[in-house]
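Here is what each chain is made of, one letter per residue.
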Amino acid sequence: MNLLAVRGQAPKGIVDPQAAARRIRLATYPPAAALAPFVDYFWVVEWDRRGCAPETQRVLPYPNAHLVFELGRSAIHGVVRGAFDRPLTGAGKVLGVRFAPGGLRPFITQPLSTFTDTTIAADALLGMPAGEAEARVLGESDDLAMLAQAQTLLLARLPQVDDAALLAARLTAAAAAHNGPASVAQLCENMAIGERRLQRLFANYVGVPPKWVIQRYRLQEAIWRLAQPDAPDLASLAHALGFFDQAHFSRSFAELVGSTPLDYRRSQLATVA
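A quick note: this is a predicted structure, and the numbers were derived from the prediction, not measured.

Asks: Whenever I open this one, the UniProt feature "domain: HTH araC/xylS-type" (unreviewed entry) in the protein chain confuses me. Can you help?
Replies: According to UniProt, the positions carrying the feature "domain: HTH araC/xylS-type" (unreviewed entry) are residues 183-267. Structurally, residues 183-267 is divided into 74% helix and 0% strand, and its ends, taken at the C-alpha atoms, are 31 Å apart.

Asks: Looking at this model, I keep getting lost on the domain arrangement of the protein chain. Mind explaining?
Replies: Quoted interface sizes are often the accessible area lost when the parts come together. Examined at the domain level, the protein chain breaks down into domain 1 (17-156) and domain 2 (163-272). Placing the centre of domain 1 and that of domain 2 at their C-alpha centroids yields a distance of 23 Å. Roughly 1,900 Å² of surface becomes buried between domain 1 and domain 2 when both sides are summed, with 61% attributable to carbon and sulfur atoms. Taken together, the links from domain 1 to domain 2 amount to zero salt bridges. At the junction of domain 1 with domain 2, the criterion picks out ten residue pairs in polar contact (both at pLDDT 80 or more). Broken down by element, the side of domain 1 that touches domain 2 gets its largest block of residues, four residues, from helix 1 (residues 17-23).

Asks: I keep staring at the packing of aromatic side chains and nothing clicks. Help me out?
Replies: Working definition: an aromatic ring pair is given by the centre-to-centre distance plus the angle between the planes. Taken as a whole, this structure holds six aromatic pairs when the rule is applied. Taking 5.1 Å as the distance between ring centres and 50° as the angle between the ring planes, the aromatic pair formed by Phe243 and Phe249 counts as tilted. Since its relative accessible area comes to 0%, Phe249 is described here as buried. Ring centres of Phe249 and Phe253 lie 5.9 Å apart, and the angle between their planes is 70°; this geometry places the pair in the edge-to-face category. A residue pair is termed a helical-turn pair when its members lie 3 or 4 positions apart in one helix, as Phe249 and Phe253 do in helix 10 (residues 246-257) at four residues. Here the aromatic cluster, defined as three or more aromatic residues joined through ring pairs, consists of Phe243, Phe249, Phe253 and Tyr264. The cationic tip of Arg218 hangs over the ring face of Phe243; the distance from NZ or CZ to the ring centre is 4.2 Å.

Conventions we followed
- Residues numbered from 1 in each chain as written.
- Predicted model: local features only at pLDDT ≥ 70, side-chain atom pairs only at ≥ 80, totals over all residues.
- Heavy atoms only, no water.
- UniProt positions renumbered as here; feature names shortened; annotations may be inferred.
- Helix = DSSP H or I, 4+ residues; strand = E, 2+ residues; numbered from the N terminus.
- Domains from an automatic or database assignment.
- Buried area = accessible area lost by both parts, 1.4 Å probe.
- Salt bridge = Lys/Arg side-chain N within 4 Å of Asp/Glu carboxyl O.
- Polar contact = N/O pair within 3.5 Å; in protein donor to acceptor, adjacent residues only side chain to side chain.
- Phe/Tyr/Trp six-rings, centres within 6.5 Å; stacked < 30°, edge-to-face > 60°.
- Buried < 20%, exposed > 50% of the residue type's maximum accessible area, 1.4 Å probe, protein only.
- Lys NZ or Arg CZ within 6 Å of the ring centre and 35° of its normal.

In structure tokens, the structure reads:
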């Protein structure tokens, strides 16, 4: 099954995008205007591995929480700090809501740092048992109908826009910017915010510390660039992303991805060939 993304290519965060294209179909859809302050996009993943050997798809998450509608497993997923490995067997289809950094907090009553790396029930957010909402969404036959159901559920529970949530989104966007800050101190200086306030804001609205956010964006960019046919050499890439040196870059990359940048690059070239 081929991967079909709205933008015509796999988004950043998917490890081994060439192989992923053979395993899953992925589509992303923008939110309704009223949800735009809270939601980055909706996503649908579909797979059919019947008759195929089981495989695992690895994703390196961003600092985003998700509301996921999946048969028997619908829940709110906090930010995942490590790699997320999903075994693919049989056939299935999932719809997810990727909240903007800070965008989930106005819908719920607890800081996001209280459920980092885990899930919480979605019943309160949805205003009904999650199983009932799941049946409404997954009972539809196509992506757009599923999307309409999910948006209707969220719009019925729409909170007021939260200025602190919007600030959290601006700060994470600054961390993600091209040639953005390489340290928390630089982020504070660039955005004119004190470090203690930044730390408290991220714990409440984002779920992970700002240092983690900065490092994750740099590594996500590295993974993306190394999967492209015109990827730069490792020394140039390490320098461009603000790592102290190539060795530091290689260690950080291997800890997250499970292979060195050079090995990962070779695997992507072999897949293309």
